[in-house]
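Architecture at a glance
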Number of protein chains: 2
Amino acid sequence: MILHSYWRSGAAYRTRIALNLKGLEYERRDVDLRTRAHKTPEYLAINPQGMVPALEVEGAVLTQSVAILEWLEEAYPDPALLPTALLDRARVRAMAALIGSDIHPLNNLRVLGAVRGLGADQAGVDAWAGGWIAAGFDALEQMVARDGAGWSFGANPTMVDCYLIPQLYSARRFNVDLSPWPRLLAVEQAAETHPAFIAAHPDKQPDAD
Amino acid sequence: MILHSYWRSGAAYRTRIALNLKGLEYERRDVDLRTRAHKTPEYLAINPQGMVPALEVEGAVLTQSVAILEWLEEAYPDPALLPTALLDRARVRAMAALIGSDIHPLNNLRVLGAVRGLGADQAGVDAWAGGWIAAGFDALEQMVARDGAGWSFGANPTMVDCYLIPQLYSARRFNVDLSPWPRLLAVEQAAETHPAFIAAHPDKQPDAD
């Protein structure tokens, strides 16, 4: 497997965590978003959307982190990143989607560039990003209170933790005060000693600053 | 099943299509986003995130359209909204996620309100929404060219069509010229004569203007 990755991309970070949790080996190809390497003809031939991550497997290119994670779960079911009961699976997927649809897409590089284009300064950009993070984390904290037991859902890492840890990392970059969400911080603490999460961390990637 | 819906919400529209494709009966409860009915204590007790859709089933409340659609697929597998082969499933999910993560979240009511808050006028809001739609549709058009055969993926409606049709409806509201994406328009034409899509259309909902 070849993972097209960028150290600071939250969606690539998610995918690295999931690959590590599944115990899968992969080759990493770095795509520097700051030099617009994701918009070169070479990369667009791999992923026409010009985004990371992309995962080359079995002669195909998989895109969109949620599709990659669901594929990993179906192709390599052990260890499972989703619970067994259907309603529980729906809960984990909803928590992941809350981050993947309602927080992260509003705070990525291209959108923050557009926010700056509307005249926002750095404080305005931080307020934009921080506002969406706070709205999402307020709801997620309640969901973890209900279903978490060491991790976001239950006592083992699941798909939602692949999303949560990168989102917490991103929130720190926007100077968000995370103290209102102690349950999310407790999950982050668990991840800090878990090898799959440690190895996936942006600072551990060879393309990091 | 009780679906908490709003006629113009793209995510609720998706869910109505999927319920109809599965041939499932449901009771509809309308949540008027314009009067902020989604932020009342009564609704927040149902969905702490204060968003539609929410689907009450078997004593549980499911949130986030992608989680609801995946649950429907697992609980009511026939007719299938995902293909059988794992790589094909990943392709359909990627196309759906392109809309669900990279287009729709940037154009919903709360985000457009924030864009207005940064000083954008109506033309600026249309340009904001239209830009994300165009970037996503450019990539999606190539994916449909590759895998579509009457519908977005293959010859039958799949999960991605549940996302595409509401996104095309939304694009028209933002006065986006859709002529650059003939393959997406061909799928829309197919949906216009399909009972599940017809019944799910915003204009057919009792809470429509």
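What counts, and at which threshold
- Residues numbered from 1 in each chain as written.
- Chains lettered and ligands numbered in written order.
- Predicted model: local features only at pLDDT ≥ 70, side-chain atom pairs only at ≥ 80, totals over all residues.
- Heavy atoms only, no water.
- Pairing = 2+ DSSP bridges.
- Helix = DSSP H or I, 4+ residues; strand = E, 2+ residues; numbered from the N terminus.
- Salt bridge = Lys/Arg side-chain N within 4 Å of Asp/Glu carboxyl O.
- Buried < 20%, exposed > 50% of the residue type's maximum accessible area, 1.4 Å probe, protein only.
- Domains from an automatic or database assignment.
- Contact = heavy atoms within 4.5 Å.
- Buried area = accessible area lost by both parts, 1.4 Å probe.
- Polar contact = N/O pair within 3.5 Å; in protein donor to acceptor, adjacent residues only side chain to side chain.
- Axes fitted to C-alpha atoms, helices over the stretch in contact; angles between N-to-C directions.
- Parallel < 35°, antiparallel > 145°, perpendicular 65-115°, else oblique.
- Left-handed = near helix turned anticlockwise from the far one by under 90°.
- Nonpolar A, V, L, I, M, F, W, Y, C, P; charged D, E, K, R; others polar.
- Least-squares fit on C-alpha atoms with pLDDT ≥ 70 in both.
- Lys, Arg positive; Asp, Glu negative; His and termini not counted.

Quick word on the pairing of strand 3 (residues 54-57) of chain B
Residues and elements named next belong to chain B. In this structure, strand 1 (residues 2-5) lies alongside strand 3, joined through three bridges in antiparallel fashion. What sits directly across from Leu3, in strand 3, is Leu55. In this sheet, strand 4 (residues 60-63) lies alongside strand 3 in antiparallel orientation, the contact comprising four bridges. In the strand pairing of strand 4, Leu55 is matched with Leu62.

Details of the pattern of salt bridges
Within this structure, the stated rule accounts for 25 salt bridges over all chains. The closest approach of N and O atoms between A:Glu27 and A:Arg29, which form a salt bridge, is 2.8 Å. Among the salt bridges present, the one from B:Arg93 reaches A:Glu70, with a minimum N-O distance of 3.9 Å. Of the two residues, B:Arg93 sits in helix 4 (residues 86-102) while A:Glu70 sits in helix 3 (residues 65-75), which places them in two different chains. In this structure B:Arg93 comes out as buried when scored by relative accessible area, which is 6%. Judged by relative accessible area, which is 3%, A:Glu70 ranks as buried.

Section: helix 3 (residues 65-75) of chain B
Each full turn of the α-helix corresponds to 3.6 residues, which orients residues three or four apart in the same direction. Across the 11 residues of helix 3 of chain B, eight count as buried, placing the element largely inside the fold. For helix 3 of chain B, the set of buried residues is B:Ser65, B:Ala67, B:Ile68, B:Leu69, B:Glu70, B:Trp71, B:Leu72 and B:Glu73.

Focus: the domain arrangement of chain A
Residue and element names in this part refer to chain A. By domain assignment, chain A separates into domain 1 (2-78) and domain 2 (86-196). A C-alpha centroid distance of 20 Å is found between domain 1 and domain 2. Between domain 1 and domain 2, the residue contacts involve 16 residues of the former and 15 residues of the latter. Looking at the side of domain 1 facing domain 2, the largest losses of area belong to Arg8, Arg14 and Leu21, adding up to 36% of the total buried there. Summed over the shared surface of domain 1 and domain 2, the number is one salt bridge. Joining domain 1 to domain 2, the criterion identifies two residue pairs in polar contact (both at pLDDT 80 or more). Breaking the side of domain 1 that touches domain 2 down by element, the ones donating at least two residues are helix 1 (10-21) and helix 3.

What about the sheet that holds strand 1 (residues 2-5) of chain A?
As summarised here, the arrangement of the four strands in space is 2-1-3-4 (chain A), forming an open sheet in which the pairing is mixed. Two strands bound the open sheet, and with one partner strand each, they are strand 2 (27-30) and strand 4 (60-63) of chain A. Averaged over all neighbouring strand pairs, the angle between strand axes comes to 25 degrees, with direction disregarded. Contacting strand 3 (54-57) and strand 4 of chain A, helix 4 of chain B runs over the sheet at an angle of about 40 degrees to strand 4 of chain A.

Re the packing of helix 1 of chain A against helix 7 (residues 159-173) of chain A
All names here are of chain A. Interhelical geometry of helix 1 versus helix 7 gives an angle of 140 degrees and a closest axis separation of 8 Å. On the basis of the axis angle, helix 1 is oblique to helix 7. Helix-helix and strand crossings are classified by hand; for helix 1 and helix 7 the assignment is right-handed. Contact residues: Gly10, Tyr13, Arg14, Ile17, Ala18 and Leu21 in helix 1; Cys162, Tyr163, Ile165, Pro166 and Tyr169 in helix 7. The residue inventory of the contact of helix 1 with helix 7, partitioned by class, reads nine nonpolar, one polar and one charged.

Section: the relation of the copies chain A and chain B
For the pair chain A and chain B, the superposition axis carries a translation of 0.0 Å, the fit reaches an RMSD of 0.0 Å, and the rotation angle comes to 180 degrees. One copy is carried onto the other by what is essentially a two-fold rotation axis. Closest approach to the rotation axis within chain A is made by the C-alpha atom of A:Ser101, at a distance of 2.4 Å. A high fraction, 100%, of the interface residues of chain A reappear at the interface in chain B, so the copies pair face to face through one surface.

Regarding the side chain of A:Arg16
Residue and element names in this part refer to chain A. Mapped onto the fold, Arg16 is located in helix 1. Buried charge without a salt bridge: Arg16, with Asp207 as the nearest opposite-charge side chain at an N-O distance of 6.1 Å. Apart from residues no more than four positions distant in its own chain, Arg16 is found in contact with Leu3, Ser5, Tyr6, Trp7, Tyr26, Ala200, His201, Pro202 and Gln205.

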